[in-house]
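The residues making up each chain are set out below.
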Amino acid sequence: YALAYDARGHGDSAWSEQGDYSPDALMGDLHQVVSGLSRPPVLVGASMGGLTSMVALGEADRDFASALVLVDIAARRESAAQRIRVPTLLVRGGSSDVVSPEGARALQNLIPHAELADVAEAGHMVAGDRNDLFSEAVIDFLHRHVPPNTGD
């Protein structure tokens with residue numbers, strides 16, 4: 001199954017009454033959602049959501065996700081990225097104006113086991129631009145790294 005949630009102040013979510021949109025607040029929200037699940041999820045995060053997922057996993061004492069899919073994000077000196085242990089996929093828009101091929105390689109240097117899927121004809125909004133190719137890349141990755149759970 002899939003579960004999608006909007007980060008505070010994004011999508012259909014309400015604005016934070018405290019006005020707190022800090023990385024710590026966003027990571028706290030992620031931990032709150034994950035804590036209510038029956039098994040570790042695969043985190044799929046685009047842009048800010050990917051960065052939030054990457055840092056939350058990298059700073060955690062234990063893996064709370066079974067895999068990580070980062071959509072068009074890069075980090076060149078993010079120490080949390082170096083501590084990612086779960087299977088990781090970076091999906092980059094081939095025409096992205098945010099993540100260059102060099103930026104993708106820099107992230108792979110921080111997370112050496114990370115796989116890269118370059119989606120041709122997609123910009124920063126990879127899933128919106130080429131949902132077919134984005135979905136194929138993610139599904140292929142999941143088939144190879146995340147065993148299906150037939151108990152639910």
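Please refer to the structure placed before this passage.
This write-up is about the structure you can find in this document.

This paragraph deals with the packing of helix H1 (residues 23–35) against helix H2 (residues 48–59). Running from N to C, H1 and H2 point in directions that differ by 75 degrees, and their axes come no closer than 9 Å. By the angle class used here, H1 and H2 are roughly perpendicular. Contacts between H1 and H2 pair Leu26, Met27, Leu30 and His31 from the former with Met48, Thr52, Ser53, Val55, Ala56 and Glu59 from the latter. In terms of residue class, the contact of H1 with H2 is built from six nonpolar, three polar and one charged.

Here we take up the pairing of strand S4 (residues 115–119). As judged from the five bridges shared by strand S3 (residues 88–93) and S4, these two strands associate in the parallel manner. Its bridge partner lying in S4, Arg92 is registered against Asp118. Handedness of the S3-helix H3 (residues 101–110)-S4 crossover: right-handed.

Right, let's get into H3. Listing the buried residues of H3 in full gives Gly103, Ala104, Ala106, Leu107 and Leu110. Buried residues of H3, seen end-on, are gathered within an arc of 160 degrees and therefore sit on one face of the element. Contacts from the buried residues of H3 go to H2, strand S2 (67–71), S3 and S4.

The subject of this paragraph is the nonpolar core. Formed by 26 residues in total, the largest nonpolar core has its most connected members in Met54 and Ile111. For this core, the secondary structure elements donating two or more residues are H1, H2, S2 and H3. The element best represented in this core is H2, accounting for four residues. Setting aside its immediate chain neighbours within four residues, Ile111 contacts Met54, Leu70, Ala81, Ile84 and Thr88.

Between its terminal C-alpha atoms H2 stretches 16 Å, which fits the 16 Å expected from twelve residues at 1.5 Å a residue. Residues Gly50, Thr52, Ser53, Met54, Val55, Ala56, Leu57 and Gly58 constitute the buried set of H2. Contacts made by the buried residues of H2 are with H1, strand S1 (42–46), S2 and H3.

Take the packing of aromatic side chains next. A complete count under the given rule lists one aromatic pair for this structure. Ring geometry for Trp15 versus Tyr21: centroids 5.7 Å apart, planes at 85 degrees, classification edge-to-face. What makes Trp15 exposed here is its relative accessible area of 64%. A residue is classified by how much of its surface remains accessible, and Tyr21, at 30% relative accessible area, is partly exposed.

Calculation rules
- Residues numbered from 1 in each chain as written.
- Predicted model: local features only at pLDDT ≥ 70, side-chain atom pairs only at ≥ 80, totals over all residues.
- Heavy atoms only, no water.
- Axes fitted to C-alpha atoms, helices over the stretch in contact; angles between N-to-C directions.
- Helix = DSSP H or I, 4+ residues; strand = E, 2+ residues; numbered from the N terminus.
- Parallel < 35°, antiparallel > 145°, perpendicular 65-115°, else oblique.
- Contact = heavy atoms within 4.5 Å.
- Nonpolar A, V, L, I, M, F, W, Y, C, P; charged D, E, K, R; others polar.
- Pairing = 2+ DSSP bridges.
- Right-handed = clockwise from strand over helix to strand, strands pointing away.
- Buried < 20%, exposed > 50% of the residue type's maximum accessible area, 1.4 Å probe, protein only.
- Arc of directions from axis to C-beta.
- Core = buried A, V, L, I, M, F, W, Y, C linked by side-chain atoms within 4.5 Å.
- Expected span 1.5 Å × (residues − 1).
- Phe/Tyr/Trp six-rings, centres within 6.5 Å; stacked < 30°, edge-to-face > 60°.

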